[in-house]
Amino acid sequence: MQQPLPESIPLSSPWRDLLRELAIRPSKGKGQNFLTDQNVVARIADAAELSPGAVVIEVGPGLGILTTELLARVGPMGKVIAVELDRRLAAYIRELFAANPALTLFEGDILRQPPTALLSDYLGHTAYSVVANLPYNITSAVLRHFLDSPLRPTALTVMVQREVAERIVARPPAMSVLAVAVQFYGRPTIAFRIPPGAFIPRPKVESAVLHIEVTPTPLLSAAETPAFFAIVNAGFGQRRKQLANSLMAGLVLPKAVVEQGLAMAGIAPTRRAETLTVAEWVALHTALRPLRSV
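Everything numeric in this text was worked out from a predicted model, so none of it was measured.

Run through unusual backbone geometry, naming residues and quoting values.
Here the residue pair Pro 172 and Pro 173 is connected by a cis peptide bond, since its omega of 10 degrees sits within 30 degrees of zero. Mapping Pro 173 onto the fold places it in the loop between α7 (162-168) and α8 (177-185). One non-glycine residue, Glu 49, lies in the positive phi region at around 55 degrees. The topology assignment puts Glu 49 in the loop between α2 (38-48) and β2 (55-59). One non-glycine residue, Val 252, adopts positive backbone phi at about 55 degrees. Under the relative-accessibility criterion, Val 252 is labelled exposed at 70%.

Right, dumping it as structure tokens:
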């Protein structure tokens, strides 16, 4: 027997009727809070700055309200590639947009779908964007999934938990691994905030639309990037400790080597990881690179 829908979905809501028809009870595990406010949808599309003919990847189209707007923005010469995990929603989206050749639907887990696979038929395009109402429980993983890819988007415009958005756009002395990871690849800004009432069911937290303009040329080569993030993760590994001590423990390096690297990068060993800029992390990586191989 199907469980009742959450009380936060109004009894008179047409969305409640649709969810009942599809036999879907929004899953907390899948982060299913469906956006239903058309004004918010239009603002998301505005923030994404889509042009006719653009190629867009949408993660989790859900009930299709954002998908409809994206298809209108990119037009018949554009492409919206939607990835939906829930098989019932995937079937609904497939039927809803059956007459629109601009939509391609992939059913499955976005984290198991590399951008190169999603875009295999459109590799002639040098640019694509990501626009999505992301499930909050996989926000960080999805961002890294696209930003770490050799085929990065030109921009990501995603709805996330407000606190996560604020962490991502933070500056020293409030940096985090996530902030460094995103800012390493691009420039994140908060486009606008969204109240819980724009969703069904209503989430218990506020949301925000995050726009990330991806840098065309990475700060480091793909070969150097893993070593860079190893240093960043080591630095944040023991946040209550001074940076020198955290790096010694995380990288298993002698004190003299760590202190020499910090001195070469112009960073005091007594500083803490959250006070460093991305540029300083890059400088530290450059300084430690020859020393770690000795």
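Give me the lowdown on the packing of helix α10 (residues 243-251) against helix α11 (residues 255-265), citing residues and values where you can.
Two elements in contact, α10 and α11, have axes separated by 9 Å at closest approach and are oriented at 125 degrees. For the element pair α10 / α11, the angle class is oblique. Classified by chirality, the crossing of α11 by α10 is right-handed. Taken together, the residues of α11 that come into contact with α10 (itself represented by Leu 243, Ala 244, Leu 247 and Met 248) are Lys 255, Val 258 and Leu 262.

Help me get a handle on the sheet that holds strand β3 (residues 79-84), residues and values and all.
Taken in spatial order, the 7 strands make up an open sheet running β4-β3-β2-β5-β6-β9-β7, and their pairing is mixed. Looking along the sheet, the strands with just one partner apiece sit at the ends: β4 (103-107) and β7 (186-194). For this sheet the average axis-to-axis angle between neighbouring strands, irrespective of direction, equals 20 degrees. Sheet analysis places β2 next to β3, joined by 5 bridges and oriented parallel. Along β3, the bridge assignment pairs Ile 57 with Ile 81. Running at roughly 165 degrees to β7, α2 makes contact with β5 (129-133), β6 (155-161), β7 and β9 (207-214) of the sheet.

For α8, give the residues involved together with the corresponding values.
The α-helix winds at 3.6 residues per turn, so residues separated by three or four positions along the chain end up facing the same way. Counting buried positions along α8 gives 8 out of 9 residues, so the element sits mostly inside the fold. The complete set of buried residues in α8 reads Leu 178, Ala 179, Val 180, Ala 181, Val 182, Gln 183, Phe 184 and Tyr 185. Close packing links the buried residues of α8 with α6 (139-147), α7, β7, β9, α9 (225-236) and α12 (278-292).

Explain the side chain of Ser 246 residue by residue, including any values.
Residue placement: Ser 246 occurs in helix α10. What makes Ser 246 buried here is its relative accessible area of 1%. Polar contacts involving the side chain of Ser 246 include one to the main-chain carbonyl oxygen of Gln 238, which spans 2.9 Å. Filtering out sequence-adjacent residues up to four positions away, Ser 246 remains in contact with Ala 234, Gly 235, Gln 238 and Lys 241.

Quick rundown of the pairing of β9? Include the residues and the values.
For β9, a buried count of 7 out of 8 residues is recorded, marking the element as mostly surrounded by other parts of the structure. Two strands pair when backbone bridges link them, and β6 and β9 are joined in this way by 7 bridges, in the antiparallel orientation. Counterpart to Met 159 in the pairing with β9 is Val 209. As judged from the 8 bridges shared by β7 and β9, these two strands associate in the antiparallel manner. Looking across to β9, one finds that Arg 187 is bridged to Glu 213.

Got a sec to walk through the nonpolar core? Specific residues and values, please.
With 59 residues, the main nonpolar core has Phe 146, Leu 156, Val 158, Phe 228, Leu 247 and Trp 281 as its most contacted residues. Within the second largest apolar cluster, 37 residues are counted, among which are Phe 34, Leu 70, Ala 90 and Leu 103.

Mind laying out the pattern of salt bridges, listing which residues take part and the relevant values?
With the rule as written, the count across this model stands at 12 salt bridges. Here Asp 148 makes a salt bridge to Arg 144, at a shortest N to O gap of 3.0 Å. Asp 148 sits in the partly exposed class, given a relative accessible area of 36%. Linking Glu 224 and Arg 289 is a salt bridge whose minimum nitrogen-to-oxygen distance equals 1.9 Å. Within this pair, whereas Glu 224 is found in the loop between β9 and α9, its partner Arg 289 is found in helix α12, the two being separated by 65 residues in sequence. Linked by salt bridges that have partners in common, Arg 162, Glu 166, Arg 193 and Glu 206 make up one network.

Before we move on, could you go through the packing of aromatic side chains and cite the residues and values that matter?
Inspection of every chain in the model, using the stated rule, returns 6 aromatic pairs. Between Phe 228 and Phe 229, the aromatic rings sit 5.0 Å apart at their centres with planes inclined by 75 degrees, giving edge-to-face as the arrangement. A relative accessible area of 0% places Phe 228 in the buried class. Residue Phe 229 is classed as buried on the basis of its relative accessible area of 6%. One residue, Arg 43, lies across the ring of Phe 192, its end atom 3.9 Å from the ring centre. If you follow Arg 144 out to its NZ or CZ, it ends over the ring of Phe 229, 4.6 Å from the centre.

Definitions and cut-offs
- Residues numbered from 1 in each chain as written.
- Predicted model: local features only at pLDDT ≥ 70, side-chain atom pairs only at ≥ 80, totals over all residues.
- Heavy atoms only, no water.
- Helix = DSSP H or I, 4+ residues; strand = E, 2+ residues; numbered from the N terminus.
- Buried < 20%, exposed > 50% of the residue type's maximum accessible area, 1.4 Å probe, protein only.
- Axes fitted to C-alpha atoms, helices over the stretch in contact; angles between N-to-C directions.
- Parallel < 35°, antiparallel > 145°, perpendicular 65-115°, else oblique.
- Left-handed = near helix turned anticlockwise from the far one by under 90°.
- Contact = heavy atoms within 4.5 Å.
- Pairing = 2+ DSSP bridges.
- Polar contact = N/O pair within 3.5 Å; in protein donor to acceptor, adjacent residues only side chain to side chain.
- Core = buried A, V, L, I, M, F, W, Y, C linked by side-chain atoms within 4.5 Å.
- Salt bridge = Lys/Arg side-chain N within 4 Å of Asp/Glu carboxyl O.
- Phe/Tyr/Trp six-rings, centres within 6.5 Å; stacked < 30°, edge-to-face > 60°.
- Lys NZ or Arg CZ within 6 Å of the ring centre and 35° of its normal.

That's the geometry; what it means functionally is another story.
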